[in-house]
Amino acid sequence: MALVSEFLGHLTLGFGGGREPRFPTVVPAVNFDPEKDASWIDTATKTKGVDEAIIIDILTKRTYSQRREIAFEYEKKAKKDLITALKGVLSGSLENVVLGLLRNTAQYDAFELRASMKGLGTDEESLIEMVCSRSNEELVEIKKVYKELLKKDLEKDVAGDTSGDFCRLLLSLVEAKREDPSNVVDYERIDNDARALYEAGVKRKGTDVATWIAIFSERSVPHLQKVFERYNSYSPYDIKESIRKEVKGDLEKSFLTLVECFENKQLYFANKLNDTMKSKSVKEKVLTRIMVSRCEVDLMKIRMEFKAQFGKSLYQTISEHTKGDYQRALLNLCGGDD
């Protein structure tokens with residue numbers, strides 16, 4: 001395990017062009033039989049009292065593409081939509097997990113983003129987490145799905161629900177203008193950006209937020225990692241301390257989230273997961289979202305970062321803070337103990 005950790009630790013997970021490396025906990029089931037799975041689910045939904053365990057064990061141990069096949073076979077057999085059937089027999093946190101798994105990652109993110117902005121008040125925490133942690137490629141796909149499924153424009157919704165510099169930063173990120181990583185290290189540009197960040201913030205009275213937004217939202221991740229290192233030669237404070245001194249509120253949280261994701265995205269999610277289970281009342285909405293949205297992306301690496309950071313496995317922590325069918329579903333998505 002130590003060798004695996006060391007190997008993964010050397011990989012740079014950029015936000016730029018091409019697909020990021022994947023470290024899923026949910027992988028394709030072997031000897032997969034969608035017809036048999038659909039039949040088992042049909043029986044489970046008709047059982048007196050509903051057999052949640054069977055529904056959970058099938059859907060949490062299949063990939064999204066396999067779940068789609070199951071849904072297709074179910075509709076053929078039962079003559080009704082699987083989502084509608086499951087909505088009729090499940091409820092609460094378990095329903096949120098299971099229905100989330102019947103959407104692909106981009107669809108799930110699109111619906112979660114919409115939920116964070118519709119109705120009275122905005123769920124800024126969810127908005128910041130999703131917009132600031134998603135790659136260019138992911139954001140492009142989310143915008144497309146948002147338009148197709150929700151018949152709405154993500155940029156317009158963000159603009160309508162947020163304001164000021166916070167709005168401007170989110171819109172710049174949603175535009176997905178981030179440069180692709182380059183094989184050539186441009187030291188002059190790194191130095192220019194580091195100095196620009198310093199001169200736009202700590203060096204002057206008041207903050208030139210527009211300059212910060214442009215650099216944070218347009219430069220590639222490997223470039224920014226080097227910019228933040230170089231920044232220390234100009235500023236008496238590191239980039240995180242500078243952010244805390246220069247901006248407040250949602251804008252501060254957004255810039256800090258970006259830096260944490262640029263440095264180590266999986267550690268960012270490990271910290272978020274730990275925060276959801278710190279107190280007696282678990283933040284189930286955030287816990288569900290991270291487990292569902294990352295299980296086919298990088299939850300294995302998040303798991304490893306969690307163990308390294310907190311000295312306890314994610315599996316054990318979930319076991320201690322959740323119960324019942326909801327716990328069973330999350331532990332299956334977690335994919336094992338460390």
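Residues numbered from 1 in each chain as written. Predicted model: local features only at pLDDT ≥ 70, side-chain atom pairs only at ≥ 80, totals over all residues. Heavy atoms only, no water.

K.L.:
Tell me what's going on with the nonpolar core, and back it up with residues and numbers.
P.N.:
Ranked by internal contacts, the top residues of the largest apolar core, which has 47 residues, are Leu 113, Leu 197, Phe 216, Phe 228, Ile 243 and Phe 255. For this core, the element with the highest residue contribution is helix α11 (residues 164–174), accounting for seven residues. Setting aside residues no more than four positions away along its own chain, Phe 255 makes contact with Leu 169, Val 209, Trp 212, Ile 213, Phe 216, Ile 243 and Val 247. One finds Cys 261, Ala 270, Ala 329 and Leu 330 within the second-largest nonpolar core, a separate group that totals 46 residues. (Core = buried A, V, L, I, M, F, W, Y, C linked by side-chain atoms within 4.5 Å. Buried < 20%, exposed > 50% of the residue type's maximum accessible area, 1.4 Å probe, protein only. Helix = DSSP H or I, 4+ residues; strand = E, 2+ residues; numbered from the N terminus. Contact = heavy atoms within 4.5 Å.)

K.L.:
Help me get a handle on the packing of aromatic side chains, residues and values and all.
P.N.:
For the structure on display, the rule yields nine aromatic pairs. Geometrically, the ring pair formed by Phe 228 and Phe 262 is stacked, given 6.2 Å between the ring centres and 25° between the ring planes. Linking Phe 228 in helix α14 (residues 221–231) with Phe 262 in helix α16 (residues 249–276), this pair joins segments that are 34 residues apart in sequence. An identical accessibility class is assigned to Phe 228 and Phe 262; each is buried. Here a set of aromatic residues connected by ring pairs shows up, and it is made of Trp 212, Phe 216, Phe 228, Phe 255 and Phe 262. Taking the ring centre of Phe 111 as reference, the NZ or CZ of Arg 103 above it sits at 3.6 Å. Geometry around Tyr 237 places Lys 245 over its ring, the cationic atom sitting 4.5 Å from the centre. (Phe/Tyr/Trp six-rings, centres within 6.5 Å; stacked < 30°, edge-to-face > 60°. Lys NZ or Arg CZ within 6 Å of the ring centre and 35° of its normal.)

K.L.:
Outline the domain arrangement of the chain, listing residues and values.
P.N.:
Examined at the domain level, the chain breaks down into domain 1 (34–90), domain 2 (105–175), domain 3 (187–263) and domain 4 (265–334). Domain 3 and domain 4 are separated by 30 Å when their C-alpha centres are compared. (Domains from an automatic or database assignment.)

K.L.:
An account of the packing of helix α13 (residues 209–218) against α16 is needed here, citing residue identities and associated values.
P.N.:
The contact between α13 and α16 brings their axes to 12 Å, and the two run at 30°. Regarding the angle of α13 to α16, the classification is roughly parallel. Considering how the two elements wind past one another, α13 and α16 form a crossing that is left-handed. Residues Val 209, Trp 212, Ile 213 and Phe 216 of α13 touch α16, and the partners they reach there are Leu 251, Phe 255, Leu 258, Val 259 and Phe 262. (Axes fitted to C-alpha atoms, helices over the stretch in contact; angles between N-to-C directions. Parallel < 35°, antiparallel > 145°, perpendicular 65-115°, else oblique. Left-handed = near helix turned anticlockwise from the far one by under 90°.)

K.L.:
Give a detailed account of the packing of helix α12 (residues 187–200) against α13, specifying residues and quantitative values.
P.N.:
Look at α12 against α13: their axes get within 9 Å of each other, and the N-to-C directions meet at 150°. With respect to their mutual orientation, α12 and α13 come out roughly antiparallel. The interaxial crossing formed by α12 with α13 has left-handed handedness. Of the residues in α13, those in contact with Asp 193, Ala 196, Leu 197 and Ala 200 of α12 are Thr 211, Trp 212, Ile 215 and Phe 216. A breakdown of the residues in the contact of α12 with α13 according to their chemical character gives six nonpolar, one polar and one charged. (Nonpolar A, V, L, I, M, F, W, Y, C, P; charged D, E, K, R; others polar.)

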